[in-house]
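Each chain is listed here by its residues.
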Amino acid sequence: MDGDLKHLDRPGGPDTTDPPPGVAAAGTPKAVGIAWALLGLNTLGSAGAKTVIPLPRSLIQMATMGALVAAFALALALNLRLRIRPSAFVFLLTLLLVPSLISSVQPDVGLGALFRCARLALFVSTLWLLSRWWDGGLTFVRYHVRMYFAVLVLVAVGLVVAPGTAMPEYYGERLVGALWPLTPPQIGQYAAVVIGLTVLLLLGRRTTGTGAAMLIVPSFVLLAMTHTRTATLGLLIGLALAIGSLILTSAAARRFFAWAVLCAAVAAVVFSSALRAWFLRGQSQENFANLTGRAKVWDALLSAPRTAGEKVFGTGLGDKSFDGLPIDNSWLAVYDEQGLIGVTIVAAMIIVIGGVALLRPPSLPRACAIFLISYCALSSYTEVGLGDASAYLLHLALAASLLAVPAAGTPPAVAAEIPRRRIPRWARR
């Protein structure tokens, strides 16, 4: 898979420059990819479906939190001089710690909120340390695709080993993680991100057709088995916006967009009843209109009495639930836990990073960033994660890395870690 994603590093053809041992193609140490994967492991969570071998939640939490600590330690070891790249996104994410801490230090909140604050602080600190290698290149895109495709492989293995556990009745026979507790929305999210980024890499000639098919086809099958409407719509809309940003400069994007519109029109006519049944998932029209009961939770959350301090700073970081029911809306979850200040900061994050993407000239990194930003913005309506350490924040951090401007006077492909050979003075003459 590594070879498939790194086959083409430039539009003109394969990159024949071999980096030194321990350094990636774009001059980034390979250990940076390990730190990025550890951040992804931390965002997998500890609650979800029942697994084949029951895993204690305390053990899973120890593994995920240990991954975050290891990611921070590894990033610090790679960046001992604390060189960071200015980033408005990470700066706003750092500001989000202020309302989180103020609301979590209340005596009646509990130690769980403070633990989540510490986790978010460690997550943000790791992003600051890794920002040194954000140069607008596609190195972190490859890290992202490999990381989440590895998770999908784990899900597929669980489906083969224990199909009954992977398609349980209590989830409506939707695909879940049988080896690691993953919910259908999580699996759908990972599959959609892998498909979207791989399609864009293929259009930019950064991977081969065979390599892209090996990633896209199984990911699409798993996405269909999850019956996740949010991930499917996010994938389609995000890809449409991303490819639309390349239409004026890429003939491949124009051809792909035309074929995609044609195939979508044919599928809408021929398979309309099947698509409607898949989209409804056996629900009634009333249940679908209430967003599977989410609207009732939202109304109860908004109508609940709050003090002035709770409205401004929130009630402290929690498990994204209200009265024992999941909130399933990032904006309302942020309002509940971090107040109006938190909602303002999160909105500023989306607006700033989206505005920067619109101002950049057309390019493949910009298209990948547009896909990730639009996907996260759309998913925020029925998913949580924009106010705490999560996969959605990691997606947005990847978009920020794609929009970063390389340091002045330093080509993106030249790494500071690559040792330069000393040339004697007489040889220079």
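Residues numbered from 1 in each chain as written. Predicted model: local features only at pLDDT ≥ 70, side-chain atom pairs only at ≥ 80, totals over all residues. Heavy atoms only, no water.

K.L.:
Looking at this structure, I do not really get the layout of surface pockets. What am I missing?
P.N.:
A water-sized probe, rolled over the atoms, reveals where empty space remains. One number sums up the size of the second largest pocket: a volume of about 960 Å³. Taken together, 25 residues line the second largest pocket, and the ones lying closest to its centre are Phe220, Thr232, Leu235, Leu236 and Ala264. Within the residue set of the lining of the second largest pocket, elements represented by two or more residues are helix H9 (184-203), helix H10 (209-226), helix H11 (229-244), helix H12 (251-270) and helix H13 (272-280). With 8 residues, H12 is the largest single contributor of residues to the lining of the second largest pocket. The residue makeup of the lining of the second largest pocket, split by class, is 24 nonpolar, 1 polar and no charged. (1 Å grid on protein atoms, 1.4 Å probe; cavity = no way out; pocket = protein on both sides within 12 Å on 5 of 7 lines; lining within 4 Å. Points joined across faces, edges and corners; volume = space filled by probe spheres on them. Helix = DSSP H or I, 4+ residues; strand = E, 2+ residues; numbered from the N terminus. Nonpolar A, V, L, I, M, F, W, Y, C, P; charged D, E, K, R; others polar.)

K.L.:
Even after reading the chapter, I still don't get the packing of aromatic side chains, so can you show me in this structure?
P.N.:
Any pair of aromatic rings gets described here by the distance separating the centres and the angle formed by the planes. Counted according to the given criterion, the structure contains 6 aromatic pairs. Each ring, one from Trp36 and one from Phe140, has its centre 5.1 Å from the other, and the planes form 70°; the classification is edge-to-face. Here Trp36 is found in helix H2 (residues 30-42), whereas its partner Phe140 is found in helix H7 (residues 139-161), with 104 residues between them in sequence. Both rings, one in Tyr170 and one in Tyr171, keep their centres 5.3 Å apart while their planes meet at 45°; by these two values the pair is tilted. Owing to a relative accessible area of 25%, Tyr171 belongs among the partly exposed residues under this scheme. Through successive ring pairs, a cluster of aromatic residues spans Trp36, Phe140 and Tyr143. Above the plane of the ring of Tyr170 lies Lys50, whose end atom (NZ or CZ) is 5.7 Å from the centre. (Phe/Tyr/Trp six-rings, centres within 6.5 Å; stacked < 30°, edge-to-face > 60°. Buried < 20%, exposed > 50% of the residue type's maximum accessible area, 1.4 Å probe, protein only. Lys NZ or Arg CZ within 6 Å of the ring centre and 35° of its normal.)

K.L.:
It is not clear to me how the side chain of His144 should be interpreted in this structure. Could you clarify?
P.N.:
Among the structural elements, His144 can be located in helix H7. Note on His144: relative accessible area 1%, which makes it buried. A polar side-chain atom of His144 sits 3.1 Å from a polar atom in the side chain of Trp36. Setting aside anything within four residues of it in sequence, one finds His144 in contact with Trp36, Val193, Leu197, Leu394, His395 and Leu398. (Polar contact = N/O pair within 3.5 Å; in protein donor to acceptor, adjacent residues only side chain to side chain. Contact = heavy atoms within 4.5 Å.)

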